[in-house]
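Structural overview for review
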Amino acid sequence: MQRSISILCLLIVFCASLVAQNNTSSPYSRYGYGELSDNVPGAMRAMGGVGIGMRDKRVINPSQPASYSVVDSTTFMFDVGASAMWSNYGDALGKRNKANGNLEYLTIQFPIWKYIGFSVGVLPYSFVGYDITQTDTTAVHPWTKSFVGEGGITEVYGGLSFNIMNWVALGANIYYMFGNVTNDRTIVFSESDFHNVYQTGSMKVSDIRFRYGLQFFHNFEHHSFVIGGVFENKSKLNGSFMQIEATTLDTVMNQTDGFDLPMMYGVGVSYVYDNRLTLAFDYSNTIWSKANYALDPNPLQDRMKLSLGFEYRHNQFGKKYVERMPFRFGLSMADPYVCSVTTQKEFTVSIGVGFPLRQAATVINTSLEYGHRGDKYSLEENYLRFTINAAIAENWFFKRRL
């Protein structure tokens, strides 16, 4: 009982911290719902963000709800992650650097019955955080434009998974989404004869969505294979949406509608040899082209993502510490989901190392990700993201012998 109360208090505190977080400074977060999160755990971020075909007893994987049933019948798992990011932006006005970071996610997983697993946690859906100023003193009528945005959408989820016939797993997540996003745009003229223009778009989200997962798995001798799939249906996004346009003479306020969450589907495969070498590949497609976003005239486009990941651990029970350490590497490629932002795909390369602790079944995972998006003709972004998470596993559900 005492542990349950402590966990509940921790979730409440974590939710409050996520509402105020700022995990991005990218100008790309001004479009759509912001910079999207794929919600893969820290260990798998070092593997290019794979997760759909992953089934690992040592990792809580909320991106694939069918994976929860892999949890041991006596094990309680807890994972908390944070990240720090350094970005370099370049456009026609020059180059500039930004740095930011904060807590990112908290997840919990435990068994309900044999071959039935449950998970709950707090995850980000999107981040918004940018501050851009442009000035043109050579124009016929000199002006200064500013774009400022902040906020994001957070989700609390609960997921259930169960096995069928020892080779099939089914699972589902239910998400409660909440958060606030504001986007402010102003044009200020240096000449008093012109009226300054102010525009504010605000969004307050409160909604529920679902994700469904399926995995086929088989183990024999030193080999294991997993094939997985996930699906989310298209749905209306509920909340309050407002746009205000003002000049020094007049103010116009519009209540808008026409906001959707897109349909999404993905498939993934993984292969593990002798509990040492893991190879994984994911493909996903989010159908943004058929989802409405009324606050921005920029049309949305489908977001296809490919991920490839590797992990090597020489011997998880080895006497030497380095033998028990997992080493990870990954690649990914994804389309932007807002058409007019850039036509260039986002590419990432990631590496990571896990540090198992001697006194407990706990692993401190670290990853370093290099990403590139955009182009020099519009806006080019290069970033380094460092992620660290603590994955804790304890034996809670067993009877002590007297």
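Cut-off values and rules
Residues numbered from 1 in each chain as written. Predicted model: local features only at pLDDT ≥ 70, side-chain atom pairs only at ≥ 80, totals over all residues. Heavy atoms only, no water. Salt bridge = Lys/Arg side-chain N within 4 Å of Asp/Glu carboxyl O. Helix = DSSP H or I, 4+ residues; strand = E, 2+ residues; numbered from the N terminus. Buried < 20%, exposed > 50% of the residue type's maximum accessible area, 1.4 Å probe, protein only. Pairing = 2+ DSSP bridges. Phe/Tyr/Trp six-rings, centres within 6.5 Å; stacked < 30°, edge-to-face > 60°. Lys NZ or Arg CZ within 6 Å of the ring centre and 35° of its normal. Polar contact = N/O pair within 3.5 Å; in protein donor to acceptor, adjacent residues only side chain to side chain. Contact = heavy atoms within 4.5 Å. pLDDT = per-residue confidence, 0-100. Core = buried A, V, L, I, M, F, W, Y, C linked by side-chain atoms within 4.5 Å.

1. A look at the pattern of salt bridges
Going through the model one piece at a time under the given rule, you end up with 19 salt bridges. For the salt bridge of K305 with D38, the shortest nitrogen-to-oxygen distance reads 2.5 Å. Of the two residues, K305 sits in strand β15 (residues 303-312) while D38 sits in the loop between β1 (35-36) and α2 (42-45), which places them 267 residues apart along the sequence. For K305, a relative accessible area of 12% puts it in the buried group. Close ionic contact of R313 with E311 constitutes a salt bridge, the shortest N to O distance being 3.9 Å. Through salt bridges with shared partners, a single network forms among E35, E346, E369, R373, E381 and R385.

2. Let's talk about the pairing of strand β8 (residues 223-232)
Examined bridge by bridge, strand β7 (residues 197-220) and β8 share nine bridges and lie antiparallel to one another. Bridge assignment links N219 to a residue of β8, and that residue is S224. Hairpin connection of β7 to β8: two residues between the antiparallel strands, including E221 at a positive phi of 50 degrees. Note: β8 against strand β13 (residues 263-273), ten bridges, orientation antiparallel. Among the inter-strand pairings, G228 is bridged to a residue of β13, identified as G268.

3. Focus: unusual backbone geometry
Located in the positive-phi region is Y115, a residue other than glycine, with phi close to 65 degrees. The residue Y115 is located in the loop between β3 (94-113) and β4 (116-136) in this model. Positive phi, normally seen in glycine, also occurs at N166, with a value near 60 degrees. Take N166: it is sitting in the loop between β5 (143-164) and β6 (168-189).

4. As for the packing of aromatic side chains
The geometry of an aromatic ring pair comes down to the distance between the two centres and the angle between the two planes. Evaluation of the coordinates by the stated rule reveals 14 aromatic pairs. Ring plane angle 55 degrees and centroid distance 5.5 Å describe the contact between F110 and F118, whose orientation is recorded as tilted. A residue is classified by how much of its surface remains accessible, and F110, at 24% relative accessible area, is partly exposed. Here the aromatic rings of F220 and F225 are separated by 5.9 Å at their centres, their planes lie at 20 degrees, and the arrangement is stacked. A residue is classified by how much of its surface remains accessible, and F220, at 37% relative accessible area, is partly exposed. Within the aromatic cluster, the residues linked to one another by ring pairs are Y33, F241, F259, W288, Y293 and Y337. The ring of W143 carries K145 above its face, with NZ or CZ at 4.8 Å from the centroid. Above the plane of the ring of Y175 lies R209, whose end atom (NZ or CZ) is 4.1 Å from the centre.

5. Here's the deal with the side chain of S67
Tracing the backbone shows S67 in the loop between α2 and β2 (75-91). Accessibility expressed as a relative area gives 3% for S67, which makes it buried. Within the structure, the side chain of S67 is placed 2.7 Å from the backbone oxygen of Q64, a separation counted as a polar contact. In contact with S67, not counting residues within four places along its chain, are M54, R55, N61, S161 and Q215.

6. Topic: the environment of G48
One can find G48 in the loop between α2 and β2. Judged by its relative accessible area of 7%, G48 is buried. Sequence separation between G48 and F281 is 233 residues; the distance between their C-alpha atoms is 9.0 Å. Once residues within four sequence positions are removed from consideration, G48 is found in contact with K305, S307, L308, G330, L331, S332 and S350.

7. Some points on the confidence of the model for the protein
Where the model shows low pLDDT, its predicted coordinates should not be examined in detail. On average, residues of the protein carry a pLDDT of 86, and 88% of them reach 70 or more. No element of the protein has a lower mean pLDDT than helix α1 (residues 2-19), which averages 49, and none a higher one than β13, which averages 98.

8. Quick look at the nonpolar core
Judged by nonpolar contacts, the single largest core of 31 residues is most densely connected at Y33, I153, M177, M203, L237, F259 and W288. Examining the composition of this core, we find that five residues originate from one element, β4, more than from any other. With eight residues, the next largest nonpolar core counts A43, M47, V59 and A280 among its residues.

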